[in-house]
Amino acid sequence: MTTTAPNQPNQAAAKPKKLSMKARYSALTRDLDWQPSYVSEDEMYPHTTYEGIKIHDWTKWDDPFRLTVDAYHRYQAEKDKRLYSVLDGFAQGQGHLTLAHASYLNAMKIFLGGVTPLEYQANRHFAYLARQFNGPGPRFAALCQSIDEMRHAQTEIHTLSNYNKFYSGFHNFLQQHDRVWYLSVTKSYFDDALSAGPFEFLIAIGFSFEYLLTNLLFVPFMSAASFNGDLPTMTFGFSAQSDESRHMTLGLEAIKFILEQDEANVPIVQEWVDKWFWRGYRVTGLVAAMLDYMLPRPVMSWKEAFELYFEQQMMNGLFPDLALYGIRPPRHVDQAIREKEHLSHWLYDTLYQFSHAANFTTTVPDEEHMDWLSQAYPDTFDQLYRDKWEETRALDQAGKRFTYPGLPQLCQVCQVPMTFHADGDPAHMAQHYSDHEGEHYNFCSEACKWIFDREPVKYRQAWLPVHQIYQGNCGGPTLPDVMAWYGYQDGDAGEFVGSIDDQNWQKWHRQIEDKLGTAQEVETALDAEGVTAAAASVDASIGKDA
């Protein structure tokens with residue numbers, strides 16, 4: 001008789017069967033879910049019932065990410081390695097001197113103060129959704145997006161931090177995000193979403209912002225970086241591009257999942273789409289001003305971007321599909337389409353007049369830039385806006401640089417200064433109002449009035465910067481008091497020409513020319529050495545291989 005040692009079986013153990021990617025994904029995500037036994041489901045998930053949305057089967061959620069946590073972090077780590085190698089090389093090579101011009105960075109100051117803090121806010125609230133949704137599918141999707149948003153906030157700060165060593169306006173963006181007048185436009189948008197219910201937040205940020213409008217926000221900034229020599233920001237854009245694609249997929253899955261669960265969800269979702277399209281659209285007005293006026297090398301006009309990324313992709317692509325679910329295009333979208341000829345001019349005019357109280361500098365567009373605007377807006381710029389800029393430039397040249405002498409009236413909902421023209425009537429300013437419980441409220445558009453009238457108790461509580469200044473809550477009664485409360489330093493605000501950044505830019509490039517010669521002299525020398533021809537030959541061969 002033979003005996004077998006306890007740890008030595010007669011036959012080799014069967015080799016574990018390797019799971020398919022789909023099975024492995026399920027095992028590490030959905031299969032980890034459990035049914036509560038000592039509390040009811042309503043007690044465990046108390047926040048998903050009061051908005052009126054009816055969900056009958058959470059398992060119908062189609063996971064848009066299809067990544068496990070370990071695979072997700074490996075993937076993101078590889079992207080971070082590539083990004084930070086570019087950041088290090090750019091910093092070591094004095095890359096800040098290779099930008100198209102120092103004035104380009106005013107656009108990045110708006111991005112850092114207006115957009116980057118929103119990434120962190122999104123991180124916080126998607127983490128909340130990762131706990132509060134009943135189904136494991138949407139919980140895990142929200143978890144992944146939460147981590148994405150934290151990474152975006154960190155990498156955006158790191159990407160732009162190098163410029164803080166050399167240029168004004170980058171040093172105090174978090175405090176300014178909470179206090180500066182124009183940044184309340186972006187901050188109030190997210191505060192509005194954060195104070196909504198979980199399903200409305202998913203439509204507000206996951207669908208309306210990430211899907212409907214993200215290309216209008218994200219692509220212009222990254223394209224502008226590429227055209228203006230900002231290699232770090234362009235690289236960050238490529239690094240985040242795959243994340244944004246997944247976020248768009250999540251937004252689309254979210255709205256379809258809700259609509260497919262119950263027909264009673266359709267009118268609720270429709271009103272959210274109406275509301276959040278307009279709220280997001282007003283935020284993109286800052287992008288419009290940046291695209292058309294703040295880039296030394298313009299990449300595209302706001303009108304062109306709006307037609308491509310919204311009218312063609314969304315109005316002609318997305319909404320015909322959503323019509324099958326009973327969803328129509330957003331209320332007031334026709335007004336947004338009409339405003340594509342005007343939005344950037346209205347907003348930059350406002351930023352120019354009030355840049356003495358902003359964390360960036362502005363200047364009048366020169367003749368070459370106005371010619372570009374004339375080509376981009378052949379039906380409106382010369383007729384409505386060129387004369388005003390030429391008059392403004394004449395004042396500037398006479399030493400009478402125009403700044404608005406008071407404080408602007410703000411829209412109660414979007415908080416943009418009310419410098420918009422009436423819809424379809426450029427000869428008159430837009431002015432809408434509602435009275436609620438004895439108080440008078442002003443709005444920039446019929447759309448913002450409609451949003452207020454739906455939820456007056458919410459929007460009457462808006463923290464309007466101008467009101468706060470008048471009430472003495474912003475450091476004191478004078479402009480220097482308010483600027484100190486904002487956390488500004490010399491050179492952060494006002495006119496670009498003659499500013500600290502302008503003076504430093506000219507000084508640094510004079511030093512370069514003293515050592516290397518002018519750009520024309522360097523090009524001539526390269527031609528003489530045959531370097532330019534050799535580089536062109538290499539480029540041609542690469543293009544041929546491609």
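Residues numbered from 1 in each chain as written. Predicted model: local features only at pLDDT ≥ 70, side-chain atom pairs only at ≥ 80, totals over all residues. Heavy atoms only, no water.

1. Considering the overall build of the chain
The test is simple: Elements are defined by DSSP. Helices are runs of H or I of four residues or more, strands are runs of E of two residues or more, and each kind is numbered from the N terminus. The classification of residues rests on relative accessible area computed with a 1.4 Å probe and restricted to protein chains. Under 20% of the type maximum is buried, over 50% is exposed, and intermediate values are partly exposed. Between two residues, a contact is recorded if the distance between any of their heavy atoms is within 4.5 Å. For accessible areas, the Shrake-Rupley method is used with a probe of radius 1.4 Å. Any residue's cover is judged against the shown protein chains and nothing else.
Check the secondary structure of the chain and you find 24 helices and six strands. Oriented by its inertia axes, the alpha-carbon framework of the chain measures out at about 110 × 75 × 45 Å. Across the 546 residues of the chain, 53% fall into the buried class. In the chain, of all internal contacts separated by at least 6 residues, the share reaching a separation of at least 24 is 79%. In the structure as shown, the chain presents an accessible area of about 25600 Å², 53% of it carried by carbon and sulfur atoms.

2. Examining the confidence of the model for the chain
To keep it simple, the criterion reads: pLDDT expresses, on a scale from 0 to 100, how confident the predictor is about each individual residue.
Here the chain averages 89 in pLDDT, while 92% of its residues score no lower than 70. Note on residues 1–5: pLDDT is under 50 here. Beyond four places in sequence and across chains, it has two contacts. Low confidence marks residues 542–546, where pLDDT is under 50. Its contacts with residues over four positions away, or in another chain, come to zero contacts.

3. Some details on the pairing of strand β4 (residues 432–436)
Spelled out, the test is: At least two DSSP bridges between two strands are needed for those strands to be called paired.
By the bridge criterion, five bridges tie β4 to strand β5 (residues 439–443) in an arrangement that is antiparallel. Counterpart to S434 in the pairing with β5 is Y441. Taking the residues that link successive antiparallel strands as the turn, the β4-β5 hairpin has two residues, and the phi of E437 there is positive, at about 50°.

4. Some details on the packing of aromatic side chains
The test is simple: Any pair of Phe, Tyr and Trp rings, taking the six-membered ring for Trp, is counted once the centres come within 6.5 Å. Such a pair is stacked with planes under 30 degrees apart, edge-to-face with planes over 60 apart, and tilted for the rest.
Within the structure shown, the criterion is met by 37 aromatic pairs. With centroids separated by 5.2 Å and ring planes inclined at 35°, the aromatic side chains of F306 and F310 adopt a geometry described as tilted. Taken as a pair, F306 and F310 lie in helix α13 (residues 302–322) at a separation of four residues, close to a single helical turn. In this structure, F306 and F310 share a single accessibility class: buried. Residues Y441 and F452 carry aromatic rings whose centres are separated by 4.9 Å and whose planes lie at 40° to one another, so their mutual orientation is tilted. Here Y441 is found in strand β5, whereas its partner F452 is found in helix α18 (residues 446–454), with 11 residues between them in sequence. Residue classification places Y441 among the buried residues on the basis of a relative accessible area of 8%.

5. Some details on the environment of I327
When you line up the elements, I327 lands in the loop between α13 and α14 (333–339). On the basis of relative accessible area, I327 is assigned to the buried category, the value being 2%. Sequence separation between I327 and S195 is 132 residues; the distance between their C-alpha atoms is 24 Å.

6. Some words on the environment of D62
Assignment of secondary structure puts D62 in the loop between α2 (41–44) and α3 (69–92). Along the primary structure D62 and L250 are separated by 188 residues, whereas in three dimensions their C-alpha atoms are 9.3 Å apart. Contacts of D62, omitting those with residues within four sequence positions, involve R30 and E253.

7. Let's talk about the pattern of salt bridges
How we decide: Here a salt bridge means any side-chain nitrogen of Lys or Arg lying within 4 Å of a carboxyl oxygen belonging to Asp or Glu.
Counted according to the given criterion, the structure contains 34 salt bridges. A salt bridge links R74 to D70; the nearest nitrogen and oxygen atoms lie 3.7 Å apart. With R74 and D70 both in helix α3 and four residues apart, the pair spans about one turn of that helix. The exposure class assigned to R74 is exposed, which follows from its relative accessible area of 53%. A salt bridge links D80 to R151; the shortest N-O distance between them is 2.8 Å. Here R151 lies in helix α6 (residues 136–161) and D80 lies in helix α3, a separation of 71 residues in the sequence.

8. Digging into the nonpolar core
The nonpolar side chains of a soluble globular protein tend to be buried with one another. Selection rule: Take the buried Ala, Val, Leu, Ile, Met, Phe, Trp, Tyr and Cys residues and link them wherever side-chain atoms come within 4.5 Å; each set so joined is a nonpolar core.
V269 and F310 are the most contacted members of the largest nonpolar core, which has 143 residues in total. Tallying contributions element by element places helix α9 (residues 198–227) first for this core, with 18 residues. With sequence-adjacent residues up to four places away left out, F310 is seen in contact with L212, L213, L216, F277, A305, M315 and V333.

9. Regarding the packing of helix α10 (residues 231–261) against helix α11 (residues 265–283)
Note the cut-off: All axes are obtained by fitting lines to C-alpha atoms, using only the stretch in contact for helices, and the reported angles, taken between N-to-C directions, cover 0 to 180 degrees. Here is the rule for angles: anything less than 35 degrees is roughly parallel, anything more than 145 is roughly antiparallel, 65 through 115 is roughly perpendicular, and the remaining ranges are oblique. Each residue gets one label: Ala, Val, Leu, Ile, Met, Phe, Trp, Tyr, Cys and Pro are nonpolar, Asp, Glu, Lys and Arg are charged, and the others, such as Gly, are polar.
The N-to-C vectors of α10 and α11 enclose an angle of 150°; their axes lie 8 Å apart at closest approach. Taken together, α10 and α11 sit at an angle that is classed as roughly antiparallel. Of the residues in α11, those in contact with I255, I258, L259 and Q261 of α10 are N265, V266, V269 and V273. Broken down by class, the residue content of the contact of α10 with α11 amounts to six nonpolar, two polar and no charged.

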